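Here's the letter readout for the chains.
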Amino acid sequence: VSRPATGHHGRVPPRLRSLHGSLETFAHVAAASPDPERPLDGLDTARALGASGIDGPVRLTADGVSVVHATESVGSRLRRKSLGSLSRSQLPPTVPLLDDLCRRHHSHGALLLDVPDDRTLEAVLAVIRATSDTLEARVWLCSPVVEHLMGWRERTTARLVHQARINALPTS
């Protein structure tokens, strides 16, 4: 006998209808790629499986280049280095440039980008605007800091998303 998937406290979570009339489904940029040297190849599979957008965290290298990488560091456990301490030329080929992601994906739906700060936002907007005149309207920018989002509203037409951890939400 199969049982329905259950949510918090063993209850089946309710289905929520989208407020925008359509549901956006995002595949994470770290989706499995058949070739580790070509990390963006997994995105083609995600789109073929129905993803309407791509999600990924943006980081800046020491020389100000925007890259998309799930963690803030690269390298083996004993030789880990912060992305921010390395220039783009020092990074392994498994760390894709935001520019490459945007050029490859700009006509295929939405981009959901986790942006940690104002400096990264400026680099992200420069890449987006250089890629396509229409891409910014399909970009969602995420930050856990509400003050960042409030300041960004004047600088972009992208959708802004407050990304909060459940333990950071008000309890009352």
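Here's what I pulled together on the structure shown here. Given the structure is predicted, the values throughout are model-derived calculations rather than measurements.

Our focus in this paragraph is the packing of helix α2 (residues 98-105) against helix α3 (residues 118-131). For any two helices packed against each other, the geometry comes down to the angle between their axes and how far apart the axes lie. Across the interface, α2 lies against α3 with an axial gap of 10 Å and an inter-helix angle of 35°. α2 and α3 meet at a crossing whose hand is right-handed. Contacts between α2 and α3 involve L98, D99, C102 and R103 from the first element and V124, V127, I128 and T131 from the second. The residue inventory of the contact of α2 with α3, partitioned by class, reads 5 nonpolar, 1 polar and 2 charged.

Along the polypeptide, D55 turns up in strand β2 (residues 53-60). Here D55 is buried and forms no salt bridge, its nearest opposite-charge partner R59 lying at an N-O distance of 10.0 Å.

Moving on, we come to the packing of aromatic side chains. Within this structure, the stated rule accounts for 1 aromatic pair. Taking 5.7 Å as the distance between ring centres and 80° as the angle between the ring planes, the aromatic pair formed by F26 and W140 counts as edge-to-face. Of this pair, F26 sits in strand β1 (residues 26-28) while W140 is found in strand β7 (residues 139-143), placing the two residues 114 residues apart along the sequence. Judged by relative accessible area, W140 falls into the buried class, the value being 16%.

Turning to the pattern of salt bridges, a few remarks are in order. The full count for this structure, using the stated rule, is 6 salt bridges. Salt-bridge contacts for R103 lead to D99; the nearest nitrogen and oxygen are separated by 3.1 Å. Taken together, the positions of R103 and D99, both in helix α2 and 4 residues apart, correspond to about one turn of that helix. What makes R103 partly exposed here is its relative accessible area of 49%. By relative accessible area, D99 is classed as partly exposed at 29%. Linking D100 and R103 is a salt bridge whose minimum nitrogen-to-oxygen distance equals 2.4 Å.

Turning to the nonpolar core, a few remarks are in order. Counting residues in each nonpolar core, the largest one holds 26 residues, and the members touching the most others are L98, L101, L111, L113, V124, V139 and L141. Residue contributions to this core peak at 5 residues, all from α3. In contact with V124, not counting residues within four places along its chain, are V58, S66, L98, L113, V115 and L141. Ranked by size, the runner-up nonpolar core spans 7 residues in total, among them V67, L83, L86 and L91.

Here β7 lies mainly inside the structure; 5 of its 5 residues are buried. Burial along β7 is two-sided: V139, L141 and S143 and W140 and C142, pointing in opposite directions, are all buried. Two elements, strand β6 (residues 110-114) and β7, share 4 bridges in a ladder whose sense is parallel. Bridge pairing in β7 links L112 to W140. Each parallel crossover has a hand, and for β6 linked through α3 to β7 it is right-handed. Where β7 meets strand β8 (residues 159-162), 4 bridges bridge the pair, whose relative direction is parallel. Looking at the pairing, L141 lines up with L160 of β8. The parallel pair β7 and β8 is bridged by helix α4 (residues 146-152), and the resulting crossover is right-handed.

Definitions and limits used
Residue indices begin from 1 for each chain and proceed along its sequence in written order. Given that this is a predicted model, residues contribute local features only at a pLDDT of at least 70 and side-chain atom pairs are listed and counted only at 80 or more, while totals for whole chains, interfaces and linings are drawn from all residues. Just so you know, side-chain values use all the structure's heavy atoms and leave hydrogens and water out. For helices, the axis comes from a line fit to the C-alpha atoms of the stretch in contact; other axes are also lines fit to C-alpha atoms, and the angle between any two N-to-C directions lies between 0 and 180 degrees. Under the scheme used here, helices are H or I runs from DSSP no shorter than 4 residues and strands are E runs no shorter than 2 residues, and both carry numbers assigned from the N terminus. We call a crossing left-handed when the near helix sits turned anticlockwise from the far one by less than a right angle, and right-handed when that turn is clockwise. Contacts were defined at the residue level, with two residues in contact if any of their heavy atoms lie within 4.5 Å. Gly counts as polar in this scheme, as do all residues outside two lists: the nonpolar Ala, Val, Leu, Ile, Met, Phe, Trp, Tyr, Cys and Pro, and the charged Asp, Glu, Lys and Arg. Exposure classes here rest on a 1.4 Å probe applied to the protein chains alone. A residue is buried below 20% of its type maximum, exposed above 50%, and partly exposed in between. In this charge count, Lys and Arg are treated as positive and Asp and Glu as negative; neither His nor the chain ends contribute. Any Lys or Arg side-chain nitrogen found within 4 Å of a carboxyl oxygen on Asp or Glu counts as a salt bridge. In this analysis, rings of Phe, Tyr and Trp, with Trp reduced to its six-membered ring, are considered paired at centre separations within 6.5 Å, and the interplanar angle assigns stacked below 30 degrees, edge-to-face beyond 60, and tilted for intermediate values. Here, the term nonpolar core denotes a set of buried Ala, Val, Leu, Ile, Met, Phe, Trp, Tyr and Cys residues that are joined through side-chain atoms within 4.5 Å. Between any two strands, pairing holds if DSSP finds at least two bridges. Orient the strands so they point away from the viewer, and a crossover whose first-strand-to-second-strand path over the helix runs clockwise is right-handed.

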